[in-house]
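# Structural description and commentary
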Amino acid sequence: MNLHSSPRRRRRTASGAAFATAGVLVALSIPSAALAAEGDTTIDIIDVNDFHGRIESEGTAADKAAGAAKLAAVVQSWRETNPNTIFASVGDNVGASTFTSLIQRDEPTIDALNAMDLDVSAIGNHELDKGQDDLTGRIEDRAEWPYISANIVREGTTTPAFQPFEVVEKGGVKVGFIGATTEDLIPGLVSPGGVEGLAMAPVVSQVNRYAEQLTDGVDGNGEADVLVLLVHEGAATGARADATAGVFGRITSGVSERVSAIVSAHTHATYSHSVPGPTGVDRPVIQTGSYGVNYGHLQLTVGADKQLTGITADVRSVNGDTRVPADRTSVDEVTGIVTAAKAFADVEGAKPLGTITGDIRRAVQSDRTTENRGGESTLGNNIAEVQRTATARNGSQVAFMNPGGLRTDLLYASTGPSDPDGTVTYKEAALVQPFANTLVTEDMTGQQIKDALEQQWQPDGLPRPFLKLGISQGFAYTYDPARGRGERITGMSLDGEPIALDDTLKVTVNSFLSTGGDNFGAFAKGANIADSGQVDLQAQVDYFEQQDVVAPPTDQNAVGATISPAPAGGFQPGDDVEIALSSLVFSSDDPTAAGSVTVAAGDGPVLASAAIDATITDNSDEQGHATLTFEVPTVETPAATRADATSARAVETVDAPLVVTLPQGQRVTLAATIPVAAPVEPADPTDPTDPGTPGGGETPGDGVPGDGETPDDGGQALPGGGNGTDDGAGTGTDGDPSDADPVGGDLAYTGAELAVPAVAAGLLLLAGVAALVAVRRKRARRDATVLTD
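Keep in mind it's a predicted model, so treat the numbers as computed, not measured.

## Focus: the overall build of the protein chain
Regarding its fold elements, the protein chain presents 15 helices and 32 strands. When burial is assessed residue by residue, the protein chain has 53% of its 789 residues classed as buried. If you take every contact in the protein chain between residues at least 6 apart in sequence, the share linking residues at least 24 apart comes to 70%. Carbon and sulfur atoms make up 50% of the accessible area of the protein chain, which totals about 30900 Å².

This is the structure we're talking about:
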């Protein structure tokens, strides 16, 4: 079987002919072929990675995306100087593209690369954004180059699902390109539903398998003279140490030295290193960054015996490459493709969708510029609300949005005369969500939602340890960052009502998340999963049509809190309490306007306040810290109710939840409670013998149901009176509905009842050491207080 054959490839009759007539032949300042010994062949390999549809120029600076036309001029210049030039890509040619390419499903990008005679490309994760059928059908049908990957295999086998390698012959030399794709692809980087039946095999073993086959073959006659690995995986940074450590380090040190160079991608880092292989022999390891800002250059010298005699590597700026004449800025065919695509995009993109009152942004890192997928963001919460609204007719109650699906911000400022301040155009909205995911609804239990929130803490070893889900309005949760994996989520609520683990909610996620993308496997376990058929971008278009104006969300849908452990029996007067709070601000907000937080017992007076430290913790949601400390106050002794009182009795108390108030007025109810004086029913002023006995005259502690008394409360009246039929179901049948004790299921790891007083909408619940939420129970103060006149 000839595995490198490419039945889909429709290479032009005269490869490079489009370039040969587009400009004058230009000589290199140091001609490659002239340096080779007599009989040697010089092969120049030009490569790009993570182009992501950047077909338009973003400027002429060396650090800007040069655009497809300028990149074509660079490739053409190399081919004119050395006909033995190969143009390769390391994947992600399409997907996460700018609007000019996105609006036509990246067809202009494919056409531009066809015009450049791209010889071969590895398969990147974004080639599978819309699934394997889209790659093998639409993309490969249009592309005139082969896509290769040796380690995307059929599930349960080591058989590649795609072409594993391609051999390109130039000047009589056969250069074998082996493709490989990040092992994180499945599961995690693409919608699992789109790659059903596929799995990831280890890069090293698969590459080594084909390296041996290509150089030796079964009969000892190899199919390639030189091997190059195109791997859509890379070092985290440009530092050489990162090329020799971690996942990528295992590749650089483990891939057989039959492979003469490793050309990498995926991490958008820029580097050109010499790194030793398994036996210590150095070889080039390069990556060009992304977006066509730079290109990579490998130069191979091959002797008459077809043995590699020399290899060099470097990374160059497309705009800054002085070997291309200043007047050579484009290639006519590619320029025409880009011009037509831009004209189409300009018409569609200029259409206004709606108005915003301020920036709606992604979270940022501590440099306040770089995207932070671990932080809660106004954009993530806004898009989640858009998607919940779009599926409300399907019964959706809450929606979640993955941060990686948000590719740019919605900014208030004008971008030109046709885009006034506050106006959101189709193009601006489309660039936020470029993946065309559909919206999926499913029924999820409280336990499954909790599991999904726990999965925001990603598996160990990933470069992004935490991925913060955007959350629609009304849903909120609290977490304890001090706890271990699987135990951090401490409470959830919807519109102020607690969510029990056995409750069922209708949830909306995009098709990427619905099949477990980004390691959110819990979203694949819901019931009644149904694809609404609505595309995420169309949902945003519809949302703007429904709203006069859209304001950035202000509430923190997640707040972290660690409370000092409560003594046995709960906090008592004189006890010290410390509450460490986090995730109190959006990282994109002005840090000088962070404000302060306060804590009180219920609706009582403020017990402590503290300024918010807006310092950002990179790759997490911990920005906005404050520590509140106070001493539990003594319960005041009530004034005597009759002159002849000579006996002592305990002051009746109720456990009041601690409530934190954020700067914008949002209230966060914590599980920790402290004793405060219980409401006392007023005594009958006409009955001098009635000292205001609890329960409206019932005998204290008799356990007999009566007015304001339940069978198990020891005869103590519940606040608000009632008919003694406290059903614990939150129906309010034990008195005023505002005094209801809603009880749901239990959190498996606490055994505590979910019960909370109904307070302000947007209430957050937090499990303390002893209970998930504040339980309305009354207790007598331990030390009796003597009544005095």
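## Notes on the nonpolar core
Ranked by internal contacts, the top residues of the largest apolar core, which has 44 residues, are A68, F87, M116, L128, I152, F162 and V334. Of all the secondary structure elements, the ones that give two or more residues to this core are β1 (41-48), α3 (68-81), α5 (107-115), α6 (132-142), β8 (198-200) and α10 (332-349). In terms of residue count, α3 provides more of this core than any other element does, eight residues in total. In contact with I152, not counting residues within four places along its chain, are I123, L128, T159, P160, A161, F162, T181, L185, L198, A199 and M200. Judged by nonpolar contacts, the second largest core, of 29 residues, contains F571, L628, V632 and A656.

## Focus: the sheet that holds strand β3 (residues 120-122)
The strands making up a sheet associate through hydrogen bonds between their backbones, and the pairing can be parallel or antiparallel. A sheet is described by the order of its strands in space; here six strands give the open sequence β4-β3-β2-β1-β13-β14, paired in mixed fashion. Each edge of the sheet is formed by a strand with only one pairing partner; in this case those strands are β4 (147-148) and β14 (308-317). Sheet topology note: the β1/strand β13 (residues 294-302) ladder contains seven bridges and is antiparallel. Each bridged residue has a counterpart across the sheet, and for D44 the counterpart in β13 is Q299.

## Comments concerning the sheet that holds strand β26 (residues 576-582)
Across the sheet, six strands lie side by side as β22-β21-β20-β25-β26-β29; this open sheet has mixed pairing. The open sheet terminates on both sides in strands that have one partner only, identified here as β22 (497-498) and β29 (626-631). As paired strands, strand β25 (residues 558-563) and β26 are joined by four bridges and run antiparallel to one another. When the bridges of β26 are listed, A561 appears paired with L581. Where helix α13 (residues 446-454) meets the sheet, it contacts β20 (475-479) and β21 (489-494), and its direction lies at approximately 125° from that of β21.

## Focus on the pattern of salt bridges
Taken as a whole, this structure holds 20 salt bridges when the rule is applied. For R388, the salt bridge goes to E385, with nearest N and O atoms at 2.8 Å. Placement of the pair is R388 and E385 together in helix α11 (residues 378-390), with a separation of three residues, close to one helical turn. On the basis of relative accessible area, E385 is assigned to the buried category, the value being 5%. Counted as one network, the salt bridges with shared partners bring together R361, R362, E371, R373 and D409.

## Observations regarding the environment of I148
Assignment of secondary structure puts I148 in strand β4. Overall, I148 belongs to the buried group, its relative accessible area being 0%. Put simply, I148 and A180 are 32 residues apart on the chain and 7.3 Å apart in space, counted from C-alpha to C-alpha.

## Quick look at unusual backbone geometry
Unlike most non-glycine residues, D495 shows phi in positive territory, near 50°. Note on D495: relative accessible area 54%, which makes it exposed.

## Some words on the side chain of H126
Positionally, H126 belongs in the loop between β3 and α6. H126 gets classed as buried once you look at its relative accessible area, which sits at 10%. The residues contacting H126, other than those within four sequence positions of it, are H52, D92, V94, G95, A96, R407 and F435.

## What to know about the pairing of strand β16 (residues 398-401)
Along β16, one buried face is formed by V398 and F400 and the opposite face, lined by A399 and M401, is buried too. With two bridges joining them, β16 and strand β23 (residues 504-510) adopt parallel strand pairing. Residue pairing for β23: V398 is matched across the bridge by V507. Sheet topology places β16 next to strand β19 (residues 470-471); two bridges connect them, and they run antiparallel. Directly across from F400, in β19, lies its bridge partner I471.

## What to know about the packing of aromatic side chains
Applying the stated criterion across every chain yields a total of ten aromatic pairs. Between F400 and F475, the aromatic rings sit 5.5 Å apart at their centres with planes inclined by 80°, giving edge-to-face as the arrangement. Separated by 75 residues along the polypeptide, F400 in strand β16 and F475 in strand β20 bring together distant segments of the chain. Taken together, the ring pairs connect F400, F475, F520 and F523 into an aromatic cluster.

## Digging into the pairing of strand β11 (residues 270-276)
Burial along β11 is one-sided: Y271, H273 and V275 are buried, and none of T270, S272, S274 and P276, which face the opposite way, are. When β11 meets strand β12 (residues 282-288), the two strands line up antiparallel, connected through seven bridges. When the bridges of β12 are listed, H273 appears paired with V285. Here β11 folds back onto β12, and the loop between the two strands holds five residues, one of which, G280, carries a positive phi near 90°.

## Quick look at the environment of V173
Within the secondary structure, V173 is located in strand β7 (residues 173-181). By relative accessible area, V173 is classed as buried at 1%. For V173 and D225, which are 52 residues apart along the polypeptide, the C-alpha to C-alpha distance reads 6.4 Å. Leaving out residues up to four positions away in the same chain, V173 has contacts with T41, I43, V168, D225, V302 and K306.

## Overview of the side chain of S149
Considering the arrangement of structural elements, one finds S149 in the loop between β4 and β5 (152-154). According to the relative accessible area criterion, S149 is buried, its value standing at 0%. In this structure the side chain of S149 is engaged in a polar contact, spanning 3.3 Å, whose partner is the side chain of N151.

## Description of the confidence of the model for the protein chain
Mean pLDDT for the protein chain: 81, with 79% of residues reaching 70 or above. Between residues 640-649, whose pLDDT stays under 50, and residues either more than four places distant or in other chains, the model counts 14 contacts.

About the thresholds
Residues numbered from 1 in each chain as written. Predicted model: local features only at pLDDT ≥ 70, side-chain atom pairs only at ≥ 80, totals over all residues. Heavy atoms only, no water. Helix = DSSP H or I, 4+ residues; strand = E, 2+ residues; numbered from the N terminus. Buried < 20%, exposed > 50% of the residue type's maximum accessible area, 1.4 Å probe, protein only. Contact = heavy atoms within 4.5 Å. Areas by Shrake-Rupley, 256 points an atom, 1.4 Å probe, with all protein chains shown as cover. Core = buried A, V, L, I, M, F, W, Y, C linked by side-chain atoms within 4.5 Å. Pairing = 2+ DSSP bridges. Axes fitted to C-alpha atoms, helices over the stretch in contact; angles between N-to-C directions. Salt bridge = Lys/Arg side-chain N within 4 Å of Asp/Glu carboxyl O. Phe/Tyr/Trp six-rings, centres within 6.5 Å; stacked < 30°, edge-to-face > 60°. Polar contact = N/O pair within 3.5 Å; in protein donor to acceptor, adjacent residues only side chain to side chain. pLDDT = per-residue confidence, 0-100.

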